[in-house]
Amino acid sequence: MQAAVNAGRIMAQSHSGVAVEVVQETGSTNADLLARAPALAAPLLLLAEHQTAGRGRAGRSWLSAPGHSLTFSLAWRLEGGLQRLTGLPLAVGTALAETLGRLGQPVKLKWPNDILKDGDKLAGILVETQGMPDGSTWAVIGIGLNLAMPDELEARIGRAVASMPWLARMDRDALMAALLDGLAGALDEFARHGFAAFSARWNLLHAYQGEPVVILDRGEVLHEGLAAGVDDAGRLLLDTAAGRVAIVAGDVSLRPKP
Ligand code: ATP
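Not measured: the values here are computed from a predicted model. (Residues numbered from 1 in each chain as written. Predicted model: local features only at pLDDT ≥ 70, side-chain atom pairs only at ≥ 80, totals over all residues. Heavy atoms only, no water.)

A. Representation of the site of the ligand within the structure. By nearness alone, 15 residues border the ligand, and Arg-57, Arg-60, Leu-63, Lys-110 and Arg-255 come closest of all. One nitrogen or oxygen atom from the side chain of Arg-60 is found 2.6 Å from an oxygen atom belonging to the ligand. Taken together, the elements giving at least two residues each to the shell around the ligand come down to β4 (61-62) and β14 (253-256). Residue composition of the shell around the ligand, grouped by class: 4 nonpolar, 4 polar and 7 charged. (Near = heavy atom within 4 Å. Polar contact = N/O pair within 3.5 Å; in protein donor to acceptor, adjacent residues only side chain to side chain. Helix = DSSP H or I, 4+ residues; strand = E, 2+ residues; numbered from the N terminus. Nonpolar A, V, L, I, M, F, W, Y, C, P; charged D, E, K, R; others polar.)

Below is the structure:
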């Protein structure tokens with residue numbers, strides 16, 4: 001277990017100018033920032049040492065152990081409505097993966113927005129939004145990143161998961177500052193150019209490029225084919241027996257074909 005994270009030290013090491021708050025314990029940093037977003041004047045990063053009700057997509061949960069992970073959310077206001085946010089979770093995944101790569105820790109992306117190390121999930125991303133009366137939208141970008149993975153936690157998650165012992169030894173304030181800078185840069189870029197600025201970069205990091213995969217909807221196979229990367233809207237391109245299809249994220253899950 002590492003020293004406690006410190007908001008002042010994160011801000012001092014970040015070049016983003018984003019305000020940072022650290023809390024000891026909360027249910028969900030995404031829930032907290034969604035509640036606060038309408039009153040925020042500027043982006044805010046909220047990190048919890050212990051998140052007790054971390055959320056995944058479609059009501060799934062994100063589990064973590066205090067001191068062994070980074071669990072945080074970044075609230076960021078974007079001009080325009082929801083349609084302007086197409087592909088944002090994938091852009092966030094690209095930014096995270098590129099930052100980890102720069103830190104010497106290469107990772108891959110699983111559509112739509114998981115970070116994989118050696119085929120297992122290292123980090124999860126959940127983007128939730130809140131529309132504002134002026135037509136802008138607050139995006140709350142939640143990230144859980146495993147640093148160490150105690151056996152007891154892996155047993156509770158119930159599937160193989162990844163962790164990063166090398167990152168676990170890194171100063172967590174410095175790591176958080178590097179991730180924040182990567183995210184802030186990517187969000188600026190996303191605001192200007194949308195996901196089109198990220199699709200080629202996402203494809204370079206794609207874990208299953210050219211490989212057989214299945215797309216599941218609540219356990220049922222919806223499609224199967226060869227994964228051909230993503231398009232400029234963040235849709236997964238799948239080469240099936242009936243030709244190429246483009247799949248919208250929704251609540252479907254991708255798995256390598258058994
Ligand atoms: P899938 O991983 O099935 O494709 P998903 O990407 O939509 O689904 P998320 O909603 O992003 O999944 O994350 C929630 C899932 O992640 C949980 O259902 C659980 O299986 C897994 N999980 C929960 N905590 C962790 C963790 N600390 N590390 C890795 N995986 C976790």
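B. Local environment of the sheet that holds strand β11 (residues 220-230). Across the sheet, which stays open at both edges, the 5 strands sit in the order β13-β12-β11-β10-β14 with antiparallel pairing between neighbours. Looking at the sheet topology across the chains shown, the edges are occupied by β13 (243-247) and β14. Taking the axes of each pair of neighbouring strands and ignoring which way they run, one obtains an average angle of 45° across the sheet. Here 6 bridges tie strand β10 (residues 212-217) to β11, and the two strands are oriented antiparallel to one another. (Pairing = 2+ DSSP bridges. Axes fitted to C-alpha atoms, helices over the stretch in contact; angles between N-to-C directions.)

C. Quick look at the sheet that holds strand β5 (residues 69-78). Reading across from one edge, β1-β2-β5-β9-β8-β7-β6 is the order of the 7 strands in this open sheet, with mixed pairing throughout. Among the strands making up the open sheet, the edge pair consists of β1 (19-26) and β6 (108-110). When strand polarity is set aside, the average angle formed by the axes of neighbouring strands in this sheet is 25°. As paired strands, strand β7 (residues 114-117) and strand β8 (residues 120-131) are joined by 3 bridges and run antiparallel to one another. Its bridge partner being in β8, Ile-115 is matched across the sheet by Ala-123. Helix α2 (residues 29-36) rests against β1, β2 (44-51), β5, β8 and β9 (137-146) of the sheet, and its axis sits at about 145° to β2. (Contact = heavy atoms within 4.5 Å.)

D. The arrangement of helix α6 (residues 172-193) in detail. With 22 residues, α6 extends 31 Å between its outermost C-alpha atoms, agreeing within 8% with the 32 Å of an ideal straight helix rising 1.5 Å per residue. Residue Gly-194 follows α6 closely and has a positive phi angle near 70°. (Expected span 1.5 Å × (residues − 1).)

E. Just α2, in detail. Considered for burial, the residues of α2 that qualify are Thr-29, Asn-30, Leu-33 and Leu-34. One side of α2 carries all its buried residues, which in axial view fall inside an arc of 130°. Against β1, β2, β3 (54-55), β5, β8 and β9 lie the buried residues of α2. The N-terminus of α2 is capped by Ser-28, whose side-chain oxygen sits 3.2 Å from the backbone nitrogen of Asn-30. (Buried < 20%, exposed > 50% of the residue type's maximum accessible area, 1.4 Å probe, protein only. Arc of directions from axis to C-beta.)

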